[in-house]
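The chain contents come next:
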Amino acid sequence: MDVQYMKKAVELAKKGWGKTRPNPLVGAVIVKDGKILAEGFHSAYGGDHAEVDALKKIEFQGEGATLYVNLEPCSHYGKTPPCTEAIIRSGIKKVVMAMKDPNPLVAGRGMNLLKEHGIEVISGVLEKEARQLNEIFIKYITTQKPFCIMKMAMTLDGKIATVNGDSKWITAEDSREYVHQIRNRVSAIMVGVSTVVKDNPRLNTRIKGIEANQPVRVIVDSRLRIPLDSIVVETAWKQPTIVATTEMAPEKNIRQLEAKKVEVLILPDKNGRVDLQQLMIRLGKKQIDSVLLEGGGTLNYSALESGIVDKVIAFIAPKILGGSNAITPVEGKGKSFVKEAFGIQNLTLRSFQKDILIEGYIEGKD
């Protein structure tokens, strides 16, 4: 039964997608004598944590009950008091958690505090699922760098546009809607300046029926050639927009962008391009915990080569374009030998109305 209730906690946690950053996604279920007494989840940063949300529904009367939670209850003061205090006060007799807090400064403290007060604690139930659910939080809290997801959408023969550059649309509508769901979950969307010049995208989130999260837009532009009349520049006053550049950028261009409310980050260059590792460090300092990379072939290869990519999601449409000069999702210098390829592991497949989605993680990443 522990697995069943933990699955419920994980599903509850997902209700906080896009709202809890930089906090984790957490769900809680309180059970007594085989009956669910209350459920809760962390719904917004600064709001009640999942455990307290659930306990409030039973007026903190949990005598003899078991609490299921997908992450170790916190034991420190932050935006809210420690959840361990509320659990101890409520009379909960047992806590089943999926995983310890990944923060090395606090991991295990909540669990030990509960044990010291006579509460039985079990850890490791559905830990794999819990770690995947909070993969963004785990990466950010342990490295202070954002979790980077590379998104690609290609034809069956590996093309993202025709020889003439046309790319509307490679994938079907339901696949594109799913991408907006992912945008709703992340802190930032990142593209290269070539994408802005060619497509003039909005880089926002559009989901029917809800007020979606609008992530920070990050444009990688080593020489500041981004058009001042592009949509991302013209709308920077209402959706935060960062242009990452280098010292090669003309001072005049910097001033013009700043006048339009664009934040310009001047970063070290690496072989004439923005140092992407340094960019991730700077974004992390801005509490940007996740980046959805929707770049073109050049930026995608640079991102892979620099080691910033954690996860790859690739949509494959049942279409064939052909063309030796048609654009592919990863270009750049490329590898000389197959044995040097970027490996993808822990693959999962998902079918949409017409397309297939392949998700996986870069080999060698923790």
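Residues numbered from 1 in each chain as written. Predicted model: local features only at pLDDT ≥ 70, side-chain atom pairs only at ≥ 80, totals over all residues. Heavy atoms only, no water.

> Explanation requested: the environment of Ala153 in the structure shown.
Tracing the sequence through the fold places Ala153 in strand S6 (residues 147-155). For Ala153 and Glu258, which are 105 residues apart along the polypeptide, the C-alpha to C-alpha distance reads 33 Å. (Helix = DSSP H or I, 4+ residues; strand = E, 2+ residues; numbered from the N terminus.)

> Can you walk me through the UniProt feature "binding site: Zn(2+)" (unreviewed entry) in the chain in this structure?
Those residues carrying the UniProt feature "binding site: Zn(2+)" (unreviewed entry) are His49, Cys74 and Cys83 in this numbering. A maximum C-alpha distance of 9.0 Å among these annotated residues, which run over 35 residues, shows that they cluster at one spot. Within the secondary structure, His49 is located in the loop between strand S2 (35-41) and helix H2 (50-56). Position of Cys74 relative to the elements: it lies in the loop between strand S3 (66-69) and helix H3 (83-90). Not counting the four nearest positions on each side in its chain, Cys74 is found in contact with His49, Glu51, Pro81, Pro82, Cys83 and Thr84. (UniProt positions renumbered as here; feature names shortened; annotations may be inferred. Contact = heavy atoms within 4.5 Å.)

> What's the story with the nonpolar core in this structure? I'm lost.
Across soluble globular proteins, nonpolar side chains show a tendency to be buried alongside one another. Ranked by size, the top nonpolar core spans 40 residues in total, and within it Met6, Ile30, Ile87, Ile92 and Val95 carry the most contacts. Once you skip the residues sitting within four places of it in the chain, Ile30 turns out to touch Lys35, Ile36, Leu37, Ala38, Ala54, Leu55, Ile58, Ala65, Thr66, Leu67 and Ile92. In terms of nonpolar packing, the next biggest core, distinct from the first, is built from 30 residues, Cys148, Ile242, Met280 and Ile362 among them. (Core = buried A, V, L, I, M, F, W, Y, C linked by side-chain atoms within 4.5 Å. Buried < 20%, exposed > 50% of the residue type's maximum accessible area, 1.4 Å probe, protein only.)

> What is the right way to read the pattern of salt bridges from this model?
A side chain with one charge can pair with a side chain of the opposite charge if their charged atoms come near. Under the definition given, this model contains 14 salt bridges. The salt bridge involving Glu234 is made with Lys260; its shortest N-O contact spans 3.5 Å. Placement of Glu234 in helix H9 (residues 231-234) and of Lys260 in the loop between helix H10 (251-259) and strand S10 (263-266) is noted, with a sequence separation of 26 residues between them. Exposure remark for Glu234: the relative accessible area of 38% places this residue in the partly exposed category. Classification of Lys260 by relative accessible area gives partly exposed; the value is 28%. Among the charged side chains, a network of salt bridges with common partners joins Glu135, Lys311 and Glu359. (Salt bridge = Lys/Arg side-chain N within 4 Å of Asp/Glu carboxyl O.)

> Before we go on, may I ask you to explain the UniProt feature "active site" (unreviewed entry) in the chain in this structure?
As recorded in UniProt, the sites labelled "active site" (unreviewed entry) are Glu51. Assignment of secondary structure puts Glu51 in helix H2. Glu51 has contacts with Val26, Ala28, Leu67, Val69, Leu71, Pro73, Cys74, Cys83 and Ile87, leaving out every residue within four places of it along the chain.

> In this structure, what is going on with the sheet that holds strand S8 (residues 216-220)? I would like to understand it.
Think of a sheet as strands paired side by side through backbone hydrogen bonds, with each pair either parallel or antiparallel. Read across the open sheet, the nine strands follow the order S10-S9-S8-S7-S13-S6-S14-S16-S15; overall the sheet is mixed. Since the sheet does not close on itself, it has two edges, and those belong to S10 and strand S15 (344-351), each with one partner. Adjacent strand axes in the sheet meet at a mean angle of 20°, parallel and antiparallel pairs treated alike. Pairing between S6 and strand S13 (residues 290-293): four bridges, direction parallel. Bridging across to S13, Met150 finds its partner in Leu293. Where helix H12 (residues 297-306) meets the sheet, its contacts fall on S6, strand S7 (188-192), S8, S13 and strand S16 (356-362), and the angle it forms with S6 comes to roughly 140°. (Pairing = 2+ DSSP bridges. Axes fitted to C-alpha atoms, helices over the stretch in contact; angles between N-to-C directions.)

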